[in-house]
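# Summary of the model geometry
Spelled out from the first residue to the last, the chains are:
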Amino acid sequence: ATQADVWIERELPLSEIPFASRDLMRLAPFGAGNEKPLFLFPRVSVTGTRAFGKTGDHLEAMLGDGFDAPISAVSFFSKPDSFGKPLTAGTSADIVGHIENDWRGRPRVRIVDVL
């Protein structure tokens, strides 16, 4: 299988996620012809990971930059080794993902890949 090309809109520091989230809501709804932008969050610290969901088949990671409060990042039907690089607490990684709001309306990252 060949890997499809992925178009990353831009690099974004974690500290800009709340502002980007607000701006992205103005561009919704997303779907065919208006795809959700994909961002690269470079050199973030993975401060913790946990499985969640009824059968533990979803993954949440807490991402930090050392300055701001950690940001939640999720990937459904994923394990820590489902990506290009394992998502392991205590490591640093480049995260590729979308910005979305969680069920409480707080911004988070939907993980697409870990580099």
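Please refer to the structure placed before this passage.
This report concerns the structure included in the present document. Everything numeric here is computed off the predicted structure, so don't read it as measured data. Every chain is numbered on its own, with residues counted from 1 as its sequence reads. Predicted model: local features are reported for residues with pLDDT of at least 70 only, side-chain atom pairs are reported and counted for 80 or more only, and whole-chain, interface and lining totals are derived from all residues. Calculated side-chain values reflect all of the structure's heavy atoms, with hydrogen atoms and water omitted.

## Details of the overall build of the chain
- Labels follow the DSSP assignment, with helices taken as runs of H or I lasting at least four residues and strands as runs of E lasting at least two, numbered in each case from the N terminus. Helices and strands together make up the secondary structure of the chain, namely 1 helix and 6 strands.
- Starting at the N terminus and ending at the C terminus, the chain contains elements arranged as β-α-β-β-β-β-β.
- Just to be clear, the radius of gyration here is over C-alpha atoms, and the globule rule we use is 2.2 Å times residues to the power 0.38. Relative to the 2.2 N^0.38 estimate, which gives 13 Å for 115 residues, the radius of gyration of the chain is 14 Å and therefore close to what a compact globule would have.
- C-alpha extents for the chain along the principal axes are approximately 40 × 35 × 30 Å.
- Whether a residue is buried, partly exposed or exposed follows from its accessible area with a 1.4 Å probe, protein chains only, as a fraction of its type maximum: under 20%, in between, or over 50%, in that order. When each of the 115 residues of the chain is scored for burial, the buried share is 37%.

## Quick word on the environment of L59
- The residue L59 is located in strand β3 (residues 58–64) in this model.
- Along the primary structure L59 and T49 are separated by 10 residues, whereas in three dimensions their C-alpha atoms are 7.1 Å apart.
- When checking whether two residues touch, look at their non-hydrogen atoms; a contact exists if any pair is within 4.5 Å. Residues within four places of L59 in sequence aside, it is in contact with T49, R50, F52, A73, V74, S75, S78, K79, P80, F83 and L87.

## Focus on the pattern of salt bridges
- Any carboxyl oxygen of Asp or Glu that lies within 4 Å of a side-chain nitrogen of Lys or Arg is treated as forming a salt bridge with it. Within this structure, the stated rule accounts for 8 salt bridges.
- Taking the shortest distance from any N to any O, the salt bridge between R106 and D102 comes out at 4.0 Å.
- A relative accessible area of 11% means that D102 is categorised as buried.
- Taken together, the shared-partner salt bridges in this structure form one network comprising K36, E100, R108 and R110.

## Here we look at the nonpolar core
- Buried residues of nine kinds, namely Ala, Val, Leu, Ile, Met, Phe, Trp, Tyr and Cys, make up a nonpolar core once their side-chain atoms join them within 4.5 Å. Counting residues in each nonpolar core, the largest one holds 22 residues, and the members touching the most others are I17, F41, L63, L87, I95 and I99.
- When residues of this core are traced back to their parent elements, those giving at least two are α1 (17–25), β2 (39–52), β3, β4 (71–75), β5 (92–101) and β6 (107–114).
- With 4 residues, the single largest contributor to this core is β2.
- Excluding residues that lie within four positions of it along the chain, I99 makes contacts with L12, I17, A20, S21, L24, F39, F41 and R108.

## Points about the side chain of H98
- Topologically, H98 is positioned in strand β5.
- Classification of H98 by relative accessible area gives buried; the value is 19%.
- Side-chain polar atoms of H98 contact the backbone oxygen of P37, separated by 3.1 Å.
- Apart from the residues within four sequence positions on either side, H98 is in contact with K36, P37, L38, R108, V109, R110 and V112. The definition of a polar contact used here is a pair of N or O atoms within 3.5 Å, where within protein one atom must be able to donate a hydrogen and the other to accept one, and adjacent residues in sequence count solely through side-chain atom pairs.

## Regarding the pairing of β4
- β4 sits mainly inside the fold: 5 of its 5 residues count as buried.
- Strands are treated as partners if at least two bridges between them are detected by DSSP. Across 5 bridges, β3 lies against β4 in antiparallel orientation. If you follow L63 over to β4, its bridge partner there is I71.
- Hairpin connection between β3 and β4: a loop of 6 residues separates the two successive antiparallel strands, and G66 in this loop has a positive phi of roughly 90 degrees.

Note that every value here comes from positions in space, so none of it alone points to a role or purpose.
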